[in-house]
Amino acid sequence: DHLHDPFLLKDMELAVVRLKSAIDKNEKILIYGDYDVDGTTAVALVHNYLRSFYPHCEFYIPDRYAEGYGVSEAGIIWAEENNFSLIIALDLGIKASDMVTLATHKGIDFIICDHHLPGGNIPNAVAVLDPKRDDCEYPYKELSGCGLGFKLIQAFSRRYRNEQEIFDYLDLVVVSIASDIVPITGENRI
């Protein structure tokens, strides 16, 4: 009851509308996450939630050594080759303007859920969920990447499904909070 309204995050409305559109049109959705614990728990959370009612989604975690940190060109090419039209990026993407542009040219949309500080420009994605954006008035700035994935499914379930079903995934959020060493205050403490 004490969690903030997920729609206070800038671009959340755009994110849930695009996700619903993808589901309604049977588009292939790729859940793309960082290789650390925060990223992998975020991928597990969003992927397992979506797969509980929608079969056309897969996940991609870049190889730490071959692809490095962040959204990689290899990942975009893999998404194109496998006919994905929507990528949900978790715990990365806030500085991936060039990769988002590349994906857009290939007909792939992005929803970015990242908790890192933005660079000089925000990627031109369908939606960029990051409480650390200067133009985001979300009241709690210290969510983990998995916490942002949770806020995305919270908003989606509140709008289109049953919000109670998302609380089964809070164990993954807790692991991400402890592992990513974000402050255990505010929503993280809740």
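How each quantity is defined
Residues numbered from 1 in each chain as written. Predicted model: local features only at pLDDT ≥ 70, side-chain atom pairs only at ≥ 80, totals over all residues. Heavy atoms only, no water. Helix = DSSP H or I, 4+ residues; strand = E, 2+ residues; numbered from the N terminus. Buried < 20%, exposed > 50% of the residue type's maximum accessible area, 1.4 Å probe, protein only. Contact = heavy atoms within 4.5 Å. Polar contact = N/O pair within 3.5 Å; in protein donor to acceptor, adjacent residues only side chain to side chain. Core = buried A, V, L, I, M, F, W, Y, C linked by side-chain atoms within 4.5 Å. Pairing = 2+ DSSP bridges. Axes fitted to C-alpha atoms, helices over the stretch in contact; angles between N-to-C directions. Salt bridge = Lys/Arg side-chain N within 4 Å of Asp/Glu carboxyl O.

1. Describing the environment of Asp130
Relative to the assigned elements, Asp130 resides in the loop between β5 (127–129) and α5 (145–160). By relative accessible area, Asp130 is classed as buried at 0%. Between the alpha carbons of Asp130 and Pro118 there is a distance of 8.2 Å; along the sequence they are twelve residues apart. When near neighbours in sequence (up to four residues on either side) are disregarded, Asp130 contacts Ile94, Asp114, His115, His116, Pro118 and Cys136. A polar atom in the side chain of Asp130 sits 2.8 Å from the backbone nitrogen of Lys132.

2. Points about unusual backbone geometry
The phi dihedral of Asn83 falls on the positive side, at around 65 degrees, and the residue is not glycine. Here Asn83 shows up in the loop between α3 (73–81) and β3 (86–90). Overall, the relative accessible area of 59% leaves Asn83 in the exposed class.

3. Side note on the nonpolar core
Counting residues in each nonpolar core, the largest one holds 40 residues, and the members touching the most others are Ile29, Leu50 and Ile88. For this core, the secondary-structure elements that each account for two or more residues are α1 (12–24), β1 (29–33), α2 (37–51), β3, β4 (109–113), β5, α5 and α6 (170–180). The dominant element in this core, judged by the number of residues it contributes, is α5, at seven residues. Leave out the neighbours within four places in its chain, and Leu50 touches Leu19, Ile23, Ile29, Ile31, Cys57 and Ile88. Counting residues in hydrophobic clusters, the runner-up holds 20 residues, among them Tyr60, Ile94, Ile112 and Val128.

4. Observations concerning the sheet that holds β3
Taken together, five strands build an open sheet; the order of strands is β2-β1-β3-β4-β5 and the sheet is parallel. The open sheet terminates on both sides in strands that have one partner only, identified here as β2 (57–60) and β5. Direction aside, neighbouring strands of the sheet carry axes that sit 20 degrees apart on average.

5. Comments concerning the pattern of salt bridges
Here the structure, examined in full by the defined rule, presents 13 salt bridges. Across the pair Asp109 and Arg18 runs a salt bridge, and its minimum N-O distance is 2.8 Å. Here the residue Asp109 occupies a position in strand β4, and Arg18 occupies one in helix α1, the gap between them amounting to 91 residues. For Arg18, a relative accessible area of 12% translates into the label buried. Here Glu163 and Arg158 are joined by a salt bridge, their closest N and O atoms 2.9 Å apart.

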